[in-house]
Amino acid sequence: MDLDKLRSVVFAEAQRKAQEILSSAEEEIAKLRQEHEKRVEELKLATAQQKKKLIETETERWKRQIEYEKRMLLEQVIVQAIQGLKGRIEDEIVSGGYAPSYVDWLKKQVPEADEWTVSRDYDELQRAFSKRGIKFTVDDSKKVKARKGDTVFDLSPDVVANAILEKFSHEIYEEFKGLLK
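Throughout this description, residue numbers start from 1 for each chain and increase along the sequence as written. Residue-level local features of this predicted model are given only where pLDDT is at least 70; pairs of side-chain atoms are given and counted only at 80 or more, and the full residue set underlies all totals for whole chains, interfaces and linings. Excluded from the side-chain calculations are hydrogens and water; all other atoms, namely the structure's heavy atoms, are used.

Asks: When you look at the packing of aromatic side chains in this model, what are you seeing that I'm missing?
Replies: In this description, an aromatic ring pair is defined by two values, namely the gap between the centres and the angle between the planes. When two rings of Phe, Tyr or Trp (its six-membered ring) have centres within 6.5 Å they constitute a pair, described as stacked for plane angles under 30 degrees, edge-to-face for angles over 60, and tilted for the intermediate range. The tally for this structure, following the rule as stated, stands at 3 aromatic pairs. Judged by centre distance (5.5 Å) and plane angle (55°), the rings of Trp 116 and Phe 129 are tilted. Remark: Phe 129 occurs in helix 3 (residues 123–131) and Trp 116 occurs in strand 1 (residues 115–119); sequence separation between them is 13 residues. For the pair shown, Trp 116 and Phe 129 are each scored as buried. The rings of Trp 116, Phe 129 and Phe 136 are connected pair by pair, giving a single aromatic cluster. What counts as a helix is a DSSP run of H or I of at least four residues, what counts as a strand is a run of E of at least two, and both are numbered from the N terminus. Partly exposed residues are those whose accessible area sits between 20% and 50% of the maximum for their type, while under 20% is buried and over 50% is exposed, using a 1.4 Å probe and protein chains only.

Shown next as structure tokens:
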């Protein structure tokens, strides 16, 4: 047996096997590279979709926040306007123009009151009580109260203004809402 020939056959076979293995490895690497590129594209697409979804989510959150801020601003403006209206109603009720009507209304609410108490600040109201011959006491409470037996009725301008505003609160809210759009 010729050793050189055997070596060359073995070497040729080893080289062929090595070439097959190398070729197979290159094919496998090519497949892996294709899979990797495909996966990278999928990830890019997924990332783009995720970015799009994140942007949509953030935009929706931002829109909700803006709507909330608008509602809060509207509520704040309405509350301030209603507080202003309440103050005006209170002032008007005890003014010279409305005090006599207010006293008539008070008498209708508690016709058989044992005692009336009127704030020192309500001069016109005190005059209207005096003109109608109704006895009352003056105090510093900024209230108008009627006592009948053990029951005390608070019929102060702020209570009346609140009742008026409560009665028309929905209409007032809708009116301001319409004005502020």
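Asks: Looking at this structure, how should I read the pattern of salt bridges?
Replies: Side chains bearing opposite charge may pair, as long as their charged atoms lie close to each other. One speaks of a salt bridge when a side-chain nitrogen belonging to Lys or Arg is within 4 Å of a carboxyl oxygen belonging to Asp or Glu. Considering all chains together, one arrives at 14 salt bridges under this definition. Two residues, Arg 120 and Asp 140, come together in a salt bridge whose shortest N-O distance is 2.7 Å. With Arg 120 in the loop between strand 1 and helix 3 and Asp 140 in the loop between strand 2 (137–139) and strand 3 (144–148), the pair connects residues that are 20 residues apart, well separated along the chain. Judged by relative accessible area, Asp 140 falls into the exposed class, the value being 62%. With a closest N to O distance of 3.5 Å, Lys 143 and Asp 158 form a salt bridge. Of the two residues, Lys 143 is situated in the loop between strand 2 and strand 3 and Asp 158 in helix 4 (residues 157–167); the sequence distance between them amounts to 15 residues. Counted as one network, the salt bridges with shared partners bring together Asp 114, Glu 115 and Arg 147.

Asks: What's the story with the side chain of Gln 126 in this structure? I'm lost.
Replies: Locating Gln 126 in the fold gives a position in helix 3. In protein, a polar contact means a hydrogen-donor-capable atom and an acceptor-capable atom, both N or O and within 3.5 Å, with residues adjacent in sequence counting only if both atoms are side-chain atoms; elsewhere, any N or O pair within 3.5 Å suffices. Looking at Gln 126, its side chain comes within polar contact range of the main-chain oxygen of Arg 120, at 3.3 Å. We call two residues contacting when some pair of their heavy atoms lies within 4.5 Å. The residues contacting Gln 126, other than those within four sequence positions of it, are Val 118, Ser 119, Arg 120, Phe 136 and Val 138.

Asks: Explain the nonpolar core to me, please; I cannot follow it from the model alone.
Replies: Proteins that are soluble and globular tend to have nonpolar side chains buried together. For the purposes of this section, nonpolar cores are sets of buried Ala, Val, Leu, Ile, Met, Phe, Trp, Tyr and Cys residues that join through side-chain atoms within 4.5 Å. Formed by 23 residues in total, the largest nonpolar core has its most connected members in Tyr 102, Leu 106, Trp 116, Leu 125 and Phe 129. For this core, the elements supplying multiple residues, two or more each, are helix 1 (3–93), helix 2 (99–109), strand 1, helix 3, strand 3 and helix 4. Per element, the largest residue contribution to this core is 4 residues, and it comes from helix 2. The residues contacting Tyr 102, other than those within four sequence positions of it, are Ile 93, Val 94, Leu 125, Val 144, Leu 155, Ser 156, Pro 157 and Val 160.

Asks: How should the environment of Glu 56 be read in this particular structure?
Replies: By the element assignment, Glu 56 lies in helix 1. A C-alpha to C-alpha distance of 35 Å links Glu 56 and Leu 32, two positions 24 residues apart in sequence.

Asks: How should I be thinking about helix 2 in this particular structure?
Replies: Along an α-helix, residues three or four positions apart point the same way, because every turn accommodates 3.6 residues. Among the residues of helix 2, Ala 99, Tyr 102, Val 103 and Leu 106 are the ones counted as buried. End-on view of helix 2: buried residues confined to an arc of 100°, all on one side of the axis. Within this analysis, the arc is defined by the directions that extend from the helix axis to the C-beta atoms.

Asks: Quick question: what am I supposed to make of the side chain of Lys 86 here?
Replies: You can see Lys 86 is positioned in helix 1. Dropping the residues within four chain positions of it, Lys 86 is found in contact with Asp 158, Ala 161, Asn 162 and Leu 165.

Asks: What am I meant to see in the packing of helix 2 against helix 3 here?
Replies: Axes are the key here: two packed helices are described by the angle between their axes and the distance separating the axes. Put simply, helix 2 and helix 3 touch, their axes get as near as 8 Å, and they point 60° apart. Considered as vectors, helix 2 and helix 3 are oriented oblique to each other. For helix 2 against helix 3, the interelement crossing comes out right-handed. Contacts from Ala 99, Pro 100, Tyr 102, Val 103 and Leu 106 of helix 2 reach helix 3 at Glu 124, Leu 125, Ala 128 and Phe 129. Here the contact of helix 2 with helix 3 is composed, by residue class, of 8 nonpolar, no polar and 1 charged. Fitted lines through C-alpha atoms give the axes, limited to the stretch in contact for helices. The angle between two N-to-C directions lies from 0 to 180 degrees. Oblique is the label for any angle not covered by the other classes, which are roughly parallel (under 35 degrees), roughly antiparallel (over 145) and roughly perpendicular (65 to 115). Here a crossing is called left-handed whenever its near helix is offset anticlockwise from the far helix by less than a right angle, and right-handed whenever the offset is clockwise. Each residue is assigned to one of three groups, with Ala, Val, Leu, Ile, Met, Phe, Trp, Tyr, Cys and Pro labelled nonpolar, Asp, Glu, Lys and Arg labelled charged, and all others, Gly among them, labelled polar.

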